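Descriptive analysis of the structure
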Amino acid sequence: MPEKKIFDIAIIGGGPGGYVAAIKAAQLGKSVALIEKDHLGGTCLNVGCIPTKTLLSNASVLHQIKRAAEFGIEVGPVAIHYEKMVTRKNQVIAKMRAGLEGLMKSNKVTVFRGTASFESPHDLKVMGTDNLFIRADKIIIATGSIPFDIKAFPCDHNRILNSTSILELTHIPKTLAIVGGGYIGCEFASLFQELGTKVTILEALPTILAAQGPSVAQFMTKALTARGIEIRTNVKVESIEKGHDHVKIRTTDGSLDTEYALVAVGRKVYIEGLALEKAALSLNEKGILPVNEKMETATPHIYAIGDVTGQFMLAHVASHQGIIAAMNASGFEAFAHYEAVPAVVFTAPEIATVGLTLEAATAKGYTATQGTFPFLALGKAQAGLDTEGFAQIISDKKTGQILGAIVIGHEASNLIAEMALAIQNELTLESILETIHAHPTMAESWHEAAALASEMPIHLPPRIRR
Ligand code: NAI
């Protein structure tokens, strides 16, 4: 009979939701068990954000080398050693994993290795490297999500890949078809196109990146097409036949042969083996585990955070929810808020958004206006040959309150932080205009976008003559 250990809080899943919740709860003085069946860091560190961004960094170096001549630099023949890129990716993951192990130790979080399942609303069974029972006053479910599989052509991890198995490729494909033009599809399209693959995106909707709104979708369709990525929209994939060294894809508009197919049509919550019913819990009709703003499930001492709650499916949202759940589980009161959730798609060019689009703001009843500053008019962008893209602020015409922002182009992923801060703190265009932005920087584009939204541009001709 395995032993039974007692903790204040048990957390199931060691991704960016679970491990952050564990640290926070430990900081608040609780005894914390973190149960993970695999590596700490979850999808984000092991098969998501970090590996893809490491590979994309390689692609970005290659991009700069390819255009060295534009900077007056001549380079010799360029050779790509993909296996070295993969090795570097694995080294980055290993370093970060070791860092997390250290963080758990230093915060006195007890990590158990195994699969947890509910025995009762307060009891968990852990089976794996560690075998034990855990009784906890509060439990946080942070089990994440897995790639959605299509029944007609499930991933075989050989020719039909998903976002996890594509990371195991040891060579650069000559041709790649990507089913789904969302976050994952477009990021991998950018990566492999830069490395020399002929990429075709097959998207069922009328546009790629539909969730990012029409202005992003339009801009990115042009930008990715200009780079050589073929984008087919309004296309349904009917079947994928596997050959020895290729796949034959039949679609509603024809067929194509490629070396691999990547299926990136969304992710679904992962609750395998959890036995939620023993905690009086179940997924709702949308297939997610519903929570309130305190991250409480229908069984109030049990919390859920991250992808399993089906909200946003972003690592940083999981971490935010982790802190909220840990605080509530530790006897404090905290509420999750989602008005200013930045979202970044690490394509080339990068896309970053926060808050409302113009369309969403108008639909909410605001008299919304926007100011869009093209990077073409920015000194720092010209200096670095980074003139593709724009910064756009969406604001309320009546009050000047900033409601949303979109930035596409160089450093978009970092630039969005200023607008997240502005929206979170209900700042107005005036606040941005009064803030001195360093020159010459990409961030100056926010100052200009705010000036444009106020119809007082400094570095562009006036839109409205007074
Ligand atoms: P997604 O929801 O972003 O995109 C899936 C796309 O597939 C949609 O455009 C959809 O219309 C299309 N689609 C669905 N069924 C299809 C079919 N049968 N044929 C053709 N197209 C079809 O999902 P994705 O890209 O798989 O990403 C999953 C989640 O992972 C996202 O919700 C995102 O939050 C997260 N993620 C975040 C990243 C980031 O923050 N940079 C990067 C990668 C993923």
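Summary of the structure given here. What you see is a predicted model, and the numbers here were worked out from it, not measured in a lab. For every chain, the first residue of the written sequence is number 1, and numbering continues from 1 along that sequence. Only residues with pLDDT of at least 70 are given local features in this predicted model, and only at 80 or more are side-chain atom pairs given and counted; all residues enter the totals for whole chains, interfaces and linings. Side-chain descriptors were evaluated using all non-hydrogen atoms of the structure, hydrogens and water having been removed beforehand.

Before going further, it helps to spend a moment on the side chain of T197. In this fold, T197 is placed in the loop between α5 (183-194) and β10 (198-202). Contacts were defined at the residue level, with two residues in contact if any of their heavy atoms lie within 4.5 Å. When residues no more than four places from it in sequence are discounted, the contact partners of T197 are I172, P173, K174, T175, L176 and F192. Going along the chain from the N terminus, every DSSP run of H or I of four or more residues is numbered as a helix, and every run of E of two or more is numbered as a strand.

For this purpose, a residue is taken to be near a molecule or strand whenever a single non-hydrogen atom of the residue falls within 4 Å of it. Lining the immediate surroundings of the ligand are 22 residues, of which I184, E203, G266, M313 and V344 lie closest. Contact distances for the ligand include 2.9 Å between a nitrogen atom and a side-chain N or O atom of E187. By the criterion applied in these results, polar contacts are pairs of N or O atoms within 3.5 Å in which, for protein atoms, one can donate a hydrogen and the other can accept it, and in which residues neighboring in sequence qualify only through two side-chain atoms. Residue A204 places a main-chain N or O atom 3.2 Å away from a nitrogen atom belonging to the ligand. Residue burial considers only the protein chains on display, and all accessible areas are found by Shrake-Rupley using a 1.4 Å probe. When the free accessible area of the ligand is taken as 850 Å², the share hidden by the protein chains comes to 77%. In terms of residue count, α5 provides more of the shell around the ligand than any other element does, four residues in total. Nonpolar residues are Ala, Val, Leu, Ile, Met, Phe, Trp, Tyr, Cys and Pro. Charged residues are Asp, Glu, Lys and Arg, and all others, Gly as well, are polar. Partitioning the shell around the ligand into residue classes produces 14 nonpolar, five polar and three charged.

Counted as salt bridges are all cases of a side-chain nitrogen of Lys or Arg within 4 Å of a carboxyl oxygen of Asp or Glu. Considering all chains together, one arrives at 16 salt bridges under this definition. Across the salt bridge formed by E187 and K53, the nearest N and O atoms sit 2.7 Å from each other. Of this pair, E187 sits in helix α5 while K53 sits in helix α3 (residues 49-66), placing them 134 residues apart in sequence. As a salt-bridge pair, R227 and E388 come within 2.9 Å of each other at their nearest N and O atoms. Separated by 161 residues along the polypeptide, R227 in the loop between α6 (214-226) and β11 (230-232) and E388 in the loop between α9 (379-383) and β21 (389-396) bring together distant segments of the chain. Taken together, the salt bridges that share partners define one network made up of K198, E230, R232 and D253.

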